[in-house]
Each structure stands twice: as C-alpha cells, then as structure tokens.
Amino acid sequence: MTYEVRLAVLSLAAFAIGGLVAAALVPWLSGRARAGGPRSRAATALAIRLLPAAASCGLAALVAIAFVAFEPHGRLETTGTLLVVLAVMTVGLAGIAAARWYLMVRTTDRVVRRWMADAEPATLEGIDVPVFAVSSVFPIVSVVGLFRPRLIVARSVLAACTPEEMRAILAHEQGHIDRRDNLRRAVLSALPDVLGWLPVSRRLIADWHAATEEAADDRAARLGEAGRPLLAQALVKVARLAPAALEPQPLPASALYRGEGVEHRVRRLLVPESPASSPRVAPRLAIAALILAAALVSLETVHLIVEAAVHGLP
C-alpha cells in the first residue's frame, strides 16, 4: 500500500471513528437542547447535531497532519481490514450526504418553480429581500434560497392580513434571514454521519426548528409593544386559511406556518417568557481553540496511536 493510499485510508477511517464516538455521546447531550431561551436552544441543538460531523472532520485532519509530519515517504506498509472497512464506510456516508443534498436542491427547485409560475413582485416595507405574491392553496409565507433569499407570500395571506400584521410577519421572516436559517437547515439535512438514521437526530432537528421559530417570533417585539400581539393575530389568521385536515407541509425552507398547531406560539407571543441569556459563543470558541492547540502539540502522540492501530487492529 503506497504512502498516499495509506494516508487516505487512515484519514477516512479516523473520520468514521470520530463520528461514531461523538454519535454515542449525542443521546446523553440531547436533553440540553431543551433548556434556556429560543436562541440558546437553537444554538445548542445545532451544536449537538453537528458534533459527530465536527468530530469526524477534526480527527481526520489531525490524523492526516500527524501522518504527513512523521511518516517517512516511500515506506510500503499495509493496514488492517478494519481500517479499510471504516474508510469505505466514510466514503459511503459522504455519498449518501451528497445524494441527500442533491435531492434537497431538486425538491426545493421544483417547489419554488411551482410557486413562481404566476408570481408577481410585491412591495412590502420591513424586509430587505425581493418579495413575490403567488397563488397557493396553502397560505405560504416562506423565505427560499440559501445565499440570495426571496420571500414568497400567498395572495390569500396578503388579502387576509392588515398592513400592521404584515409588518409583524415580515419581522419574523427577517429574523430567519438574518440568522441564515435556510443554510443551517440545508446543512442539517445532509450531514455525513450515522446519526441521521437515529431518532435522536430527528428530535434534535425538531427542537432546533421549534426554537428557531420562537426566536423569529421574538423579532416582532422590535415593532414595539403591539408587535407580538400583531404577530399572534397574523399567525391565527394564516392558520385558519389552511385547508381543513391538511397535514403539516414538509417545506424545504423557513416558513411562518407549516400546518402544525400554533397554540403554543400564540400563547408565548401574548404572554412572553422571561428574557433568557443569549448563547455564550466566546467561551465555546475558546474551549475549541484550546482543544485544537492541545491536539496539534501532541501530534507525535497521535501518530504513535495511529501506528499502534495499523499494527494492532485486524
């Protein structure tokens, strides 16, 4: 086995090992995603769900750097079957993730094309992206697009809501745009890890979705004291526009309403919770930087561990 092939096999195997170990920790950590305010819950759920992929990338990079730094060129050596199997597993996970991303892009494009078939530009104050009015049986209010977002609004919503209620709706949608929730949703849907097949992944994504909607709802408060009640009124109106007995819509984008129950969100808007502290990003970044620094310092130890795995594993 050549130097380059061993580098690839060991890096890919490390990717699989890092993901499997981190995935085992996720069920224990998942309860933390339901504590704190909306922004904190959203950030925690996102971080926990990203943990296996982040651990995979980190360990794979560390092993690759250690290998290049300490392994002599020209040395021919084989690796055990287990490491090869883990490497193939990583390639499979990457392929599945790429397929999920492709299907998500195709589904989004198909849905948006259907919405835009009779779309007309609309002028609405309070949002900094293009707005289009569309005909839709479902009362859609949705931000579509990852890097050049657009707001799609059903004509039925525009007709039913007052200008004040529309400003509250636009504040909600601007919250999604500012936080780049569509990009985060896309990343969550196409992670190359085994966690995607487990129920805990669906729970974390559901927790993240609920927290992001509440965080976007909170943006209505920027309109003043009337902002939250106005958004509550608008949310009830939009929900009533939906056809009876309609199942929640699997919309591939941030949306005001998907067909789910709105009672909790309305109650929360009318009776706000006590303010919660925002997620502390700086300490988390500092901890991550310290872990990275410690890992880089111990590259030779990492290489020794890799050599032991090469010679000790079947």
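1. As for the environment of Leu 191
Line of reasoning, step 1. Looking at the secondary structure, you find Leu 191 in the loop between helix 6 (181-189) and helix 7 (199-217).
Line of reasoning, step 2. Among the residues examined, Leu 191 registers a relative accessible area of 6% and is labelled buried.
Line of reasoning, step 3. Separated by 94 residues in the primary sequence, Leu 191 and Ala 97 have C-alpha atoms spaced 5.7 Å apart.
Line of reasoning, step 4. Among residues more than four places away in sequence, those in contact with Leu 191 are Arg 49, Leu 50, Ala 53, Ala 97 and Arg 100.

2. Some points on the packing of helix 7 against helix 9 (residues 263-270)
Line of reasoning, step 1. Where helix 7 meets helix 9, the axes come as close as 11 Å, and the angle between the chain directions of the two elements is 35 degrees. Note that helix 7 runs across helix 9; the crossing there is right-handed. Of helix 9, the residues touching helix 7 (which contributes Glu 213, Glu 214 and Asp 217) are His 264, Arg 265, Arg 268 and Leu 269.
Line of reasoning, step 2. Residue classes in the contact of helix 7 with helix 9 are distributed as one nonpolar, one polar and five charged.

3. Describing the packing of aromatic side chains
Line of reasoning, step 1. Applying the stated criterion across every chain, the model contains one aromatic pair.
Line of reasoning, step 2. For Arg 100, the ring lying beneath its charged end belongs to Trp 197, and the centroid distance is 5.2 Å.

4. Remarks on the pairing of strand 3 (residues 141-144)
Line of reasoning, step 1. Here strand 3 shows two buried faces, one formed by Val 141 and Val 143 and the other by Ser 142 and Val 144.
Line of reasoning, step 2. Bridge count between strand 3 and strand 4 (residues 150-154): four bridges; the pairing is antiparallel. When the bridges of strand 4 are listed, Val 141 appears paired with Val 153.
Line of reasoning, step 3. Bridge analysis of strand 3 against strand 5 (residues 254-255) gives two bridges, and the strand direction is antiparallel. Bridging from a neighbouring strand, Val 143 pairs with Ser 254 of strand 5.

5. What to know about the environment of Asp 128
Line of reasoning, step 1. Turning to its location among the elements, Asp 128 is positioned in the loop between strand 1 (120-122) and strand 2 (131-134).
Line of reasoning, step 2. Judged by its relative accessible area of 60%, Asp 128 falls in the exposed class.
Line of reasoning, step 3. Between the C-alpha atoms of Asp 128 and Leu 151, which are 23 residues apart in sequence, the distance is 9.6 Å.
Line of reasoning, step 4. Reaching out from Asp 128, the side chain makes a polar contact with the side chain of Gln 174 at a distance of 3.1 Å.

6. Focus on the nonpolar core
The nonpolar side chains of soluble globular proteins are, as a tendency, buried together.
Line of reasoning, step 1. In terms of nonpolar packing, the biggest core is built from 39 residues, with Trp 115, Leu 151, Val 157, Ile 169 and Tyr 257 touching the most fellow members.
Line of reasoning, step 2. Secondary structure elements with two or more residues in this core: helix 3 (81-115), strand 2, strand 3, strand 4, helix 5 (163-178), helix 8 (227-241) and helix 9.
Line of reasoning, step 3. With seven residues, helix 8 is the single largest residue contributor to this core.
Line of reasoning, step 4. Grouped together as the second largest cluster of nonpolar side chains are 11 residues, Leu 10, Val 63, Leu 86 and Ala 87 included.

7. Points about the pattern of salt bridges
Line of reasoning, step 1. Enumeration over the complete set of coordinates arrives at 16 salt bridges.
Line of reasoning, step 2. The residue Glu 214 makes a salt bridge to Arg 41 at a minimum N-O spacing of 2.6 Å. Here Glu 214, found in helix 7, pairs with Arg 41, found in helix 2 (residues 38-70); they are 173 residues apart in sequence, far enough to count as distant. You'll find Glu 214 and Arg 41 in the same group, each marked buried.
Line of reasoning, step 3. Several salt bridges share partner residues, and in doing so they unite Arg 41, Glu 214, Asp 218, Arg 228 and Arg 268 into one network.

8. Digging into the side chain of Arg 219
Line of reasoning, step 1. Within the secondary structure, Arg 219 sits in the loop between helix 7 and helix 8.
Line of reasoning, step 2. You can call Arg 219 buried: its relative accessible area is 15%.
Line of reasoning, step 3. Beyond its immediate chain neighbours, meaning those up to four positions away, Arg 219 contacts Ala 171, Gln 174, Gly 175 and Asp 178.

9. Some words on helix 6
Since the α-helix advances by 3.6 residues per turn, residues separated by three or four positions end up pointing in the same direction.
Line of reasoning, step 1. When we look at burial in helix 6, the residues that qualify are Asp 181, Asn 182, Arg 185, Ala 186 and Leu 188. Along the axis of helix 6, the buried residues cluster in a sector spanning 160 degrees; they form a single face.

10. Observations concerning the sheet that holds strand 1
Line of reasoning, step 1. The mixed open sheet is built from five strands, whose spatial order is 1-2-4-3-5. Of all strands in the sheet, those with a lone pairing partner are strand 1 and strand 5, marking the two edges.
Line of reasoning, step 2. As judged from the four bridges shared by strand 2 and strand 4, these two strands associate in the parallel manner. Following the sheet pairing, Val 134 is matched in strand 4 by Ala 154.
Line of reasoning, step 3. The strands touched by helix 3 within the sheet are strand 2, strand 3 and strand 4, with strand 3 carrying the most contacts at an inclination of about 125 degrees.

Rules used throughout
Residues numbered from 1 in each chain as written. Predicted model: local features only at pLDDT ≥ 70, side-chain atom pairs only at ≥ 80, totals over all residues. Heavy atoms only, no water. Helix = DSSP H or I, 4+ residues; strand = E, 2+ residues; numbered from the N terminus. Buried < 20%, exposed > 50% of the residue type's maximum accessible area, 1.4 Å probe, protein only. Contact = heavy atoms within 4.5 Å. Axes fitted to C-alpha atoms, helices over the stretch in contact; angles between N-to-C directions. Left-handed = near helix turned anticlockwise from the far one by under 90°. Nonpolar A, V, L, I, M, F, W, Y, C, P; charged D, E, K, R; others polar. Phe/Tyr/Trp six-rings, centres within 6.5 Å; stacked < 30°, edge-to-face > 60°. Lys NZ or Arg CZ within 6 Å of the ring centre and 35° of its normal. Pairing = 2+ DSSP bridges. Polar contact = N/O pair within 3.5 Å; in protein donor to acceptor, adjacent residues only side chain to side chain. Core = buried A, V, L, I, M, F, W, Y, C linked by side-chain atoms within 4.5 Å. Salt bridge = Lys/Arg side-chain N within 4 Å of Asp/Glu carboxyl O. Arc of directions from axis to C-beta.

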